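Chain by chain, the residues run as shown.
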Amino acid sequence: MADRTLIPCHIVCGPLGVGKTSAILNYLRHCAPRQRVGVLVNDFGPVGLDSTTLEADAPMATVLNVPGGCICCTMLEELPECIRRLVSEQTLDRLIIEPSGMASPVQVIALLQEAERELNIRLQPAIVILSTVDFDEEKFERLAYYHRFSDAADILVFNRCDQAGESKIKRAQEWAGNLDPPKLRVLTTSHGELPLEIFELTEQATHTRESLAHHHHDHSHDSTVHSGGFVLDAARSFDKEVLLINLSRICLTGIAENQVLRLKGVFHTHAGWQTIEIANRMVTSRPSAHRRDNRMEWLTQPGVVDQTRMLMEIDRPVGFAGDRRGLRGSDR
Ligand SMILES: Nc1nc2c(ncn2[C@@H]2O[C@H](COP(=O)(O)OP(=O)(O)OP(=O)(O)O)[C@@H](O)[C@H]2O)c(=O)[nH]1
Ligand SMILES: [Mg+2]
């Protein structure tokens with residue numbers, strides 16, 4: 001076989017809305033301008049908002065969306081083929097993969113490890129991002145949900161430090177520093193700002209690899225979580241304030257009996273193009289460089305919210321005192 005250089009391949013994992021795409025964007029903005037980086041994202045929904053964001057905000061990278069479907073398993077089936085496509089179409093210096101927050105990182109890592117040789121990639125230390133705001137020793141010890149992220153990490157990042165107090169940041173660091181086997185790095189940050197040097201690390205944390213080798217495929221997808229999405233013509237425009245008020249209400253009270261776990265959209269509004277999201281039980285907005293269409297996707301639990309209902313909920317006329325109180329209430 002021809003001796004081609006292996007492409008370093010990074011995976012950036014973590015629960016929903018924790019700051020994975022922010023960390024990748026931050027890397028793309030700061031890495032050497034001549035470096036050719038391919039990014040594979042696997043969004044939870046049918047639309048693929050992360051690829052939209054990355055394409056608009058990091059045009060220097062080649063971005064490919066792994067299409068959605070079964071929110072935790074599709075990536076495993078489609079991933080090798082997507083990597084093959086990306087590396088055959090482009091000469092890449094580096095590949096970054098963001099699995100959906102619904103995916104099990106250990107399964108993605110195990111699959112990539114098995115396919116390293118065939119795909120011509122070299123798996124780099126796994127970057128796992130957690131929310132410092134969410135940190136609690138007892139919870140992180142007790143819940144399997146957090147273990148599946150922290151166990152898979154070579155580099156463990158506590159993001160969202162701007163929203164957590166000093167003492168919580170210290171406790172998270174201390175907890176992570178005592179993990180056995182030890183992590184290669186434990187970092188604390190905000191907005192996904194990671195030092196570039198962690199993308200140059202090549203060795204993996206002790207034992208992580210062996211424990212992965214014994215991992216069995218386990219289809220642990222929570223069937224009460226549902227995704228939905230829509231794409232609308234760019235000519236359609238929304239009132240930003242109406243969207244913010246409605247999304248704040250949805251964030252607080254859900255839709256019918258359903259909680260909205262995560263929502264992200266780009267909208268053509270009277271105030272320009274905006275990214276508007278629900279993440280970590282908060283509504284945020286910021287300007288977007290995307291212009292192609294209005295698009296949004298969401299995750300609900302325990303039931304499905306269809307496109308028609310969602311569109312009606314976010315575009316519902318407002319102007320009542322109650323609605324505006326709702327906005328202030330969720331804005332803390
Ligand atoms: N305040 C604050 N907001 C953050 C931070 N990191 C990310 N965000 C915001 O949180 C939202 C979600 O961030 P993303 O980077 O999209 O998170 P993600 O993990 O890629 O989300 P999914 O792919 O949907 O699971 C965005 O609106 C970010 O701008 C942070 O450290 N502090
Ligand atoms: Mg993301």
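Located above this text is the structure these notes cover.
Structural notes, computed from the coordinates. None of these values were measured; they are calculated from a predicted model.

## Some words on the coordination of the magnesium ion (ligand 2)
- The protein atoms that coordinate the magnesium ion (ligand 2) are Thr21 (OG1), Asp50 (OD) and Glu98 (OE), at distances spanning 2.0 to 2.2 Å.
- Read from N- to C-terminus, the donor residues coordinating the magnesium ion (ligand 2) fall into the pattern T-x28-D-x47-E. Here threonine 21, found in helix H1 (residues 20-30), pairs with glutamate 98, found in strand S4 (residues 94-98); they are 77 residues apart in sequence, far enough to count as distant.
- The class of threonine 21 is buried, set by a relative accessible area of 12%.

## A look at the nonpolar core
- Of all hydrophobic cores here, the largest spans 40 residues; its most connected members are Leu40, Ile83, Leu95, Ile97, Leu112, Leu156 and Phe158.
- If you look at the next biggest cluster of nonpolar residues, it comprises 26 residues, including Ala23, Leu28, Leu194 and Ile198.

## Topic: the sheet that holds strand S12 (residues 282-287)
- Read across the sheet, 5 strands follow the order S9-S13-S10-S11-S12 without closing on themselves; strand pairing throughout is antiparallel. At either end of the open sheet lies a strand with only one pairing partner, and these are strand S9 (226-233) and S12. On average, adjacent strands in this sheet sit at an angle of 10° to one another, irrespective of strand direction.
- Where strand S10 (residues 259-269) and strand S13 (residues 293-301) come together, 7 bridges link them in antiparallel fashion.

## A word on the pattern of salt bridges
- Scanning the model with the defined rule gives 19 salt bridges in all.
- Between arginine 84 and glutamate 118 there is a salt bridge, with the nearest N and O atoms lying 2.7 Å from each other. Taken together, the positions of arginine 84 in helix H3 (residues 74-89) and glutamate 118 in helix H4 (residues 105-119) put the pair 34 residues apart, joining distant regions of the chain.
- Given a relative accessible area of 53%, glutamate 118 falls into the exposed group.
- A salt bridge links arginine 236 to aspartate 315, with the nearest nitrogen and oxygen atoms 2.7 Å apart. In this pair, arginine 236 is assigned in the loop between S9 and helix H9 (240-253) and aspartate 315 in the loop between helix H10 (307-314) and helix H11 (321-330), connecting sequence segments 79 residues apart.
- Given a relative accessible area of 30%, aspartate 315 falls into the partly exposed group.
- When salt bridges with common partners are traced through the structure, they connect Arg249, Arg309, Glu313 and Arg316 into a single cluster.

## Some remarks on the site of ligand 1
- Around ligand 1 sit 22 residues, and of these Lys20, Ser22, Arg160, His191 and Lys264 come closest.
- Note that an oxygen atom of ligand 1 is positioned 2.5 Å from one of the backbone N or O atoms of histidine 191.
- For ligand 1, the protein covers 90% of the area, taking 650 Å² as the surface of the free molecule.
- With 3 residues, the top contributor of residues to the shell around ligand 1 is H1.
- Within the shell around ligand 1, the residues separate by chemical class into 4 nonpolar, 9 polar and 9 charged.

Conventions we followed
Residues numbered from 1 in each chain as written. Chains lettered and ligands numbered in written order. Predicted model: local features only at pLDDT ≥ 70, side-chain atom pairs only at ≥ 80, totals over all residues. Heavy atoms only, no water. Donors = N, O, S within 2.8 Å, 3.2 Å for Na, K, Ca; no water. Helix = DSSP H or I, 4+ residues; strand = E, 2+ residues; numbered from the N terminus. Buried < 20%, exposed > 50% of the residue type's maximum accessible area, 1.4 Å probe, protein only. Core = buried A, V, L, I, M, F, W, Y, C linked by side-chain atoms within 4.5 Å. Pairing = 2+ DSSP bridges. Axes fitted to C-alpha atoms, helices over the stretch in contact; angles between N-to-C directions. Salt bridge = Lys/Arg side-chain N within 4 Å of Asp/Glu carboxyl O. Near = heavy atom within 4 Å. Polar contact = N/O pair within 3.5 Å; in protein donor to acceptor, adjacent residues only side chain to side chain. Areas by Shrake-Rupley, 256 points an atom, 1.4 Å probe, with all protein chains shown as cover. Nonpolar A, V, L, I, M, F, W, Y, C, P; charged D, E, K, R; others polar.

In short, shape yes, function no, at least from these values alone.
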